[in-house]
Amino acid sequence: QVQLVESGGGLVQAGGSLTLSCQASAQILQNKGMGWFRQAPGKEREFVATLSWNGVPRYAEYVKGRFTISRDNALNTVYLQMNSLKSEDTAVYYCAAGPAYGSDWDRQYNYWGQGTQVTVSS
């Protein structure tokens, strides 16, 4: 059973930066695409970024140019570097493992972490 554990969330001022980490319990990252999603209070979960098994990233328009997704297969870890944070980025962030090509559709992901809270103060 694959387990994903996120870390790195916290409170940051608008304009600041945070880096989220997602560590997998098994060496599955080499064959899977990874995604980051987020859910703000009262809103549906939304796509943030995805990275294919061979390192091709895609981003939601509202984070493009500010967020960077990356992976270190040797460490079984995926990262989300978040810069120029805005108050509207406040949400619980989830990482997920799914199709090898990556996807912006959450239903295509098989495994999910428990989430980490990111709060951006204005």
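From a predicted model like this one, the values you see are computed outputs, not experimental measurements.

Asks: Tell me what's going on with the overall build of the protein, and back it up with residues and numbers.
Replies: Broken down by element type, the protein carries zero helices and 11 strands. Reading the secondary structure of the protein in the N-to-C direction produces β-β-β-β-β-β-β-β-β-β-β. Against the 2.2 N^0.38 benchmark of 14 Å for 122 residues, the protein shows a C-alpha radius of gyration of 13 Å, consistent with a compact globule. Seen through its principal axes, the protein has C-alpha atoms that stretch 40 × 25 × 25 Å. By the burial criterion, 47% of the 122 residues in the protein qualify as buried. Summing over all exposed atoms, the protein offers an accessible surface of approximately 6200 Å²; the carbon and sulfur share of this is 46%. Charged side chains of the protein number 10 positive and 9 negative; the gap between the two group centres comes to 3 Å.

Asks: With reference to specific residues and values, describe the state of the cysteines.
Replies: One covalent bond between the sulfur atoms of two cysteine residues makes up a disulfide. One pass over the full model with this rule turns up one disulfide. Between the sulfur atoms of Cys22 and its disulfide mate Cys95 the distance is 1.9 Å. For the disulfide bridge between Cys22 and Cys95, the dihedral angle about the S-S bond is near 55°, and by the sign convention the bridge is right-handed. Within this pair, whereas Cys22 is found in strand S3 (residues 18–24), its partner Cys95 is found in strand S9 (residues 91–98), the two being separated by 73 residues in sequence. This pair shows no difference in class: Cys22 is buried, exactly as Cys95 is.

Asks: Outline the sheet that holds S3, supporting the account with residue identities and numerical values.
Replies: With antiparallel pairing, the four strands of this open sheet are ordered in space as S1-S3-S8-S7. For this open sheet the edge positions go to strand S1 (4–7) and strand S7 (67–72), each flanked by a neighbour on one side alone. The mean angle between the axes of side-by-side strands here comes to 15°, regardless of whether they run parallel or antiparallel. Both S3 and strand S8 (residues 77–82) contribute to a ladder of six bridges, which runs antiparallel. Residue Leu18 lies in a different strand from S8, and its bridge partner there is Met82.

Asks: Could you give me a rundown of the nonpolar core, with the residues and numbers involved?
Replies: Grouped together as the largest cluster of nonpolar side chains are 31 residues, with contacts concentrated most on Leu4, Trp36, Val48, Phe67, Leu80, Met82 and Tyr93. Elements supplying a minimum of two residues to this core: S3, strand S4 (33–39), strand S5 (46–51), S7, S8, S9 and strand S11 (116–121). Setting aside residues no more than four positions away along its own chain, Met82 makes contact with Gly16, Ser17, Leu18, Leu20, Arg66, Phe67, Tyr93 and Val118.

Asks: So what's going on with unusual backbone geometry? Which residues, and what values?
Replies: In this structure, Asn76 takes a positive phi of about 55° despite not being glycine. As for its placement among the helices and strands, Asn76 is situated in the loop between S7 and S8. Its identity is not glycine, yet Ser84 carries a phi of approximately 50°, on the positive side.

What counts and what doesn't
- Residues numbered from 1 in each chain as written.
- Predicted model: local features only at pLDDT ≥ 70, side-chain atom pairs only at ≥ 80, totals over all residues.
- Heavy atoms only, no water.
- Helix = DSSP H or I, 4+ residues; strand = E, 2+ residues; numbered from the N terminus.
- Rg over C-alpha atoms; globule rule 2.2 N^0.38 Å.
- Buried < 20%, exposed > 50% of the residue type's maximum accessible area, 1.4 Å probe, protein only.
- Areas by Shrake-Rupley, 256 points an atom, 1.4 Å probe, with all protein chains shown as cover.
- Lys, Arg positive; Asp, Glu negative; His and termini not counted.
- Charge placed at Lys NZ, Arg CZ, Asp CG, Glu CD.
- Disulfide = S-S within 2.5 Å.
- Pairing = 2+ DSSP bridges.
- Axes fitted to C-alpha atoms, helices over the stretch in contact; angles between N-to-C directions.
- Core = buried A, V, L, I, M, F, W, Y, C linked by side-chain atoms within 4.5 Å.
- Contact = heavy atoms within 4.5 Å.

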